[in-house]
Amino acid sequence: MGPIPLQAVEFSHSPLLTFVIGLITVIALLVWLDFPAFIGLVIAGFTVGLVNAVFVPDFTSTMAATEVAGAFGDNMTGIGIPILMAAVIGKAMLESGAAQRVVRGFQNVLGESNSDIALLGSSSVLAIPVFFDSVFYLMAPLARSMRARVGRDYTLFIVTVGTGAAAAHVFVPPTPGPLAVAAEVGSDLGMTILIGIITAIPAVLIAGLGYGRWINARLDIPLRDTMSTTTEELEAVAERPTSELPGILESLAPIIVAVALIASATAVDTFQQWYPSIAALEPIVGFLGDKNVALMFAAVVASVSFYRHDDLMQSEWSDELTEALKSGGNIAAITAAGGAFGALLAASGIGDYIAGSLQEVGIPLLVTAWLIAAVVRIAQGSATAAMLTAAGIMAPLVGQLSVHPAYLVMVIGAGGNIFSWYNDSGFWLVKEIGGLTQEETLKTWTVLTTLIAVSGLVTTLVFSSVFPFA
């Protein structure tokens, strides 16, 4: 009997096979073989693309290469300029002493023992009008300066900054994720904001302060060189007297500029339905409030302060900023590669496959929505994609809910936040900007995103049973 022609062979393909192959590949390259993150993620993306070429209709072997490059470019479009500007902001705020001045301001108000609460509260509030990544760009220098100041607890500071930003990102409009889900399922914005805040508070306390303090006692993450700033430079700035540091308003200026510009676009977009006349401002704030533009202005402000407060010649100042951009370019490349790997997994159809499989499971609607968002998030990496996938599936079922649709927004946001790992660009952003190892990022960032997801589900189920608001 002769060989069977390849075209006669019918493959029975489940997207789960692609996911498993991608998972094994990325673990083998990044964990077992210790490849550089960028190279390992790109190879993993190509591998998933080749599997898609075999099993996915209309997906060719040529696309296995071009789709990785295209997804990398798409991710770079979203994060390239912000990360480069964040590198400049971080370098400038750390070495000018601005971040150190803000840290001392926190300590003067709350005391050194409450440094974690100061960082947690700040990141939580900033993340309501601003994307998660922008908040982390702005808060990471403060966490690093806080560690340089107190000489310990960097694990706790990173967890609190990450928790505050992540919780608001998935629970509280007008953050874009929950805002889009609320619109999809027809939830009133005011009630969604109220219930979002109620849901976020336990998540922040459990993951930020509870887990943050627990893991901090067991994992001491050292302060490493990252974002082109060395540990020695940070420690030298920490020793400066306050009189030699920038003033508090000048120190906060980059954060204020970035948040004010981004929030202006969010505010006009949110409130023009009640105040139509402010729609005339939309073209202006649409430009200024774009995170690329807003962070560029913040970088300029931080750079000027850096020049004013460091004894550098203009050419030396320019060289320092160029070094920051080089560091930022590496971080942007790794982050975009992680997003590309996730995008190739998504191209296998894993999201629709999982969502369709769970849709018919006979469990309560709120738990079903959480499961759909959670499994899609783990499989393809993007929290926003997981949330929108779950929202699209659950929207026709809103009429069957016995509680307010805002609770549906909460469980979808919670599920979409779970277990950030290698296929999520946010994982690599936290790792690189925070100066963590892969293992440290898994023990801090991955765990805290999972705690937010589980606590968000539990809080929603308990609160909705007591106050259904139906």
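Think of each chain on its own: its residues are numbered from 1, step by step along the sequence as written. Residue-level local features of this predicted model are given only where pLDDT is at least 70; pairs of side-chain atoms are given and counted only at 80 or more, and the full residue set underlies all totals for whole chains, interfaces and linings. Each side-chain value is worked out from all heavy atoms of the structure, with water and hydrogens disregarded.

## Thoughts on the overall build of the protein chain
Counted only if it meets this: Helix numbers and strand numbers start at the N terminus; a helix is a DSSP run of H or I with at least 4 residues, a strand a run of E with at least 2. Here the globule rule reads 2.2 Å times residues to the power 0.38, and the radius of gyration is calculated from C-alpha atoms. For every residue, the accessible area obtained with a 1.4 Å probe (protein chains only) is divided by the maximum for its type, and the residue is called buried under 20%, exposed over 50%, and partly exposed between those limits. By definition in these notes, contact holds between two residues if any of their heavy atoms fall within 4.5 Å. Surface exposure here means Shrake-Rupley accessible area, sampled with a 1.4 Å probe, where a residue is shielded only by the protein chains that are shown. His residues and chain termini do not enter the charge count, which takes Lys and Arg as positive and Asp and Glu as negative. Just so you know, the charge point we use is NZ for Lys, CZ for Arg, CG for Asp and CD for Glu.
For the protein chain, the count of helices and strands is 20 helices and zero strands. Over its C-alpha atoms the protein chain spans a radius of gyration of 23 Å, differing by no more than 12% from the 23 Å that the globule rule assigns to 470 residues. Expressed as a percentage of its 470 residues, the buried residues of the protein chain come to 55%. Here the analysis covers contacts within the protein chain between residues at least 6 apart in sequence; of these, 80% occur between residues at least 24 apart. Here the protein chain displays about 18,900 Å² of accessible surface, and carbon together with sulfur accounts for 66% of that area. For the protein chain, the distance from the average site of its 17 positive side-chain charges to the average site of its 35 negative ones is 11 Å.

## What to know about the packing of aromatic side chains
Applied cut-off: Pairing of aromatic rings covers Phe, Tyr and Trp, the last counted by its six-membered ring, and requires centre-to-centre distances within 6.5 Å; plane angles under 30 degrees mean stacked, over 60 mean edge-to-face, and any other angle means tilted.
Enumeration according to the criterion identifies 14 aromatic pairs in this entry. Judged by centre distance (5.9 Å) and plane angle (45°), the ring pair of phenylalanine 271 and tryptophan 274 falls under tilted. The exposure class assigned to phenylalanine 271 is partly exposed, which follows from its relative accessible area of 40%. Among the aromatic residues, those joined into a ring-pair cluster are Phe19, Trp421, Tyr422, Phe427 and Trp428.

## Structural notes on the environment of glycine 328
With respect to the helices and strands, the residue glycine 328 is situated in helix H14 (residues 314–347). Placed 138 residues apart in sequence, glycine 328 and valine 466 show a C-alpha to C-alpha distance of 48 Å. The contacts of glycine 328, once residues within four sequence positions are left out, are Ile83, Leu84 and Ala87.

## Description of the environment of glycine 208
Examined against the element boundaries, glycine 208 turns out to sit in helix H9 (residues 189–216). According to the relative accessible area criterion, glycine 208 is buried, its value standing at 0%. Once the C-alpha coordinates of glycine 208 and phenylalanine 157 are considered, the two residues, 51 residues apart in sequence, prove to be 9.0 Å apart.

## Quick look at helix H10 (residues 231–238)
Note the threshold: The directions considered for the arc are those from the helix axis to the C-beta atoms.
Every buried residue of H10 is accounted for by Thr231, Leu234, Val237 and Ala238. The arc enclosing the buried residues of H10, seen along the axis, measures out at 125°, which places them on a common side.

## Here we look at helix H17 (residues 383–394)
Note the threshold: Expected span, for any helix, means 1.5 Å times one less than how many residues it has. Any pair of nitrogen or oxygen atoms within 3.5 Å is treated as a polar contact; in protein, a donor-acceptor pairing is required on top of that, and neighbouring residues in sequence qualify only through side-chain atoms on both sides.
Compared with an ideal rise of 1.5 Å per residue, which puts twelve residues at 16 Å, H17 spans 16 Å between its outermost C-alpha atoms and is within 8% of the ideal. Turning to H17, its buried residues number three or more, namely Ala383, Ala386, Met387, Ala390, Ala391, Ile393 and Met394. Along the axis of H17, the buried residues cluster in a sector spanning 165°; they form a single face. Its side-chain oxygen placed 3.5 Å from the backbone nitrogen of threonine 384, serine 382 serves as the N-cap of H17.

## Quick notes on the side chain of glutamate 432
Within the secondary structure layout, glutamate 432 lies in helix H19 (residues 425–434). Residue glutamate 432 is classed as buried on the basis of its relative accessible area of 13%. Leaving out residues up to four positions away in the same chain, glutamate 432 has contacts with Thr226, Asn330, Ile331 and Ile334.

## Thoughts on the nonpolar core
Across soluble globular proteins, nonpolar side chains have a tendency to be buried as a group. The condition that has to hold: For this analysis, a nonpolar core means a set of buried residues of the types Ala, Val, Leu, Ile, Met, Phe, Trp, Tyr and Cys, connected via side-chain atoms within 4.5 Å.
Core analysis: the biggest nonpolar cluster contains 143 residues, and Leu119, Phe136, Leu142, Phe171, Leu408 and Ile412 have the highest contact counts within it. If you tally residues by element for this core, the top one is helix H3 (residues 61–96), at 13 residues. If near-sequence neighbours (up to four positions away) are discounted, leucine 142 is found in contact with Met93, Ala99, Val102, Val103, Phe106, Leu119 and Ile255.

## Re the pattern of salt bridges
Operational definition: When a carboxyl oxygen of Asp or Glu lies within 4 Å of a side-chain nitrogen of Lys or Arg, that pair is called a salt bridge.
A complete count under the given rule lists 13 salt bridges for this structure. Residue glutamate 432 is joined to lysine 431 by a salt bridge in which the shortest nitrogen-to-oxygen separation is 2.9 Å. Where salt bridges share partners, they join Lys91, Glu95 and Glu320 into one cluster.

## Some remarks on the packing of helix H18 (residues 405–416) against helix H20 (residues 438–466)
Where we set the bar: All axes here are fitted lines through C-alpha atoms, helices being fitted over the stretch that makes contact, and every angle between N-to-C directions spans 0 to 180 degrees. If an angle is under 35 degrees, it is roughly parallel; if it is over 145, roughly antiparallel; if it lies from 65 to 115, roughly perpendicular; otherwise it is oblique. By definition, any crossing whose near helix is turned counterclockwise from its far helix by less than a right angle is left-handed, and any crossing with a clockwise turn is right-handed.
In contact at an axis separation of 8 Å, H18 and H20 are set at 160° when each is read in the N-to-C sense. With respect to H20, the axis of H18 lies roughly antiparallel. The two elements H18 and H20 meet at a crossing, and its hand is left-handed. Between H18 and H20, the residues in contact are Tyr407, Met410, Val411 and Ala414 and Ile452, Ala453, Gly456, Leu457, Thr460, Phe463 and Ser464, respectively.

## Some points on the confidence of the model for the protein chain
Here is the rule: In predicted models, pLDDT denotes the confidence assigned by the predictor to each residue on a 0 to 100 scale.
Summary statistics for the protein chain give a mean pLDDT of 88 and a share of 96% for residues scoring 70 or more. The secondary-structure element of the protein chain with the lowest mean pLDDT is helix H15 (residues 350–359), recorded at 78, while H20 shows the highest, at 97. Note that pLDDT drops below 50 for residues 1–12; the model gives that stretch three contacts with residues more than four away or on any other chain.

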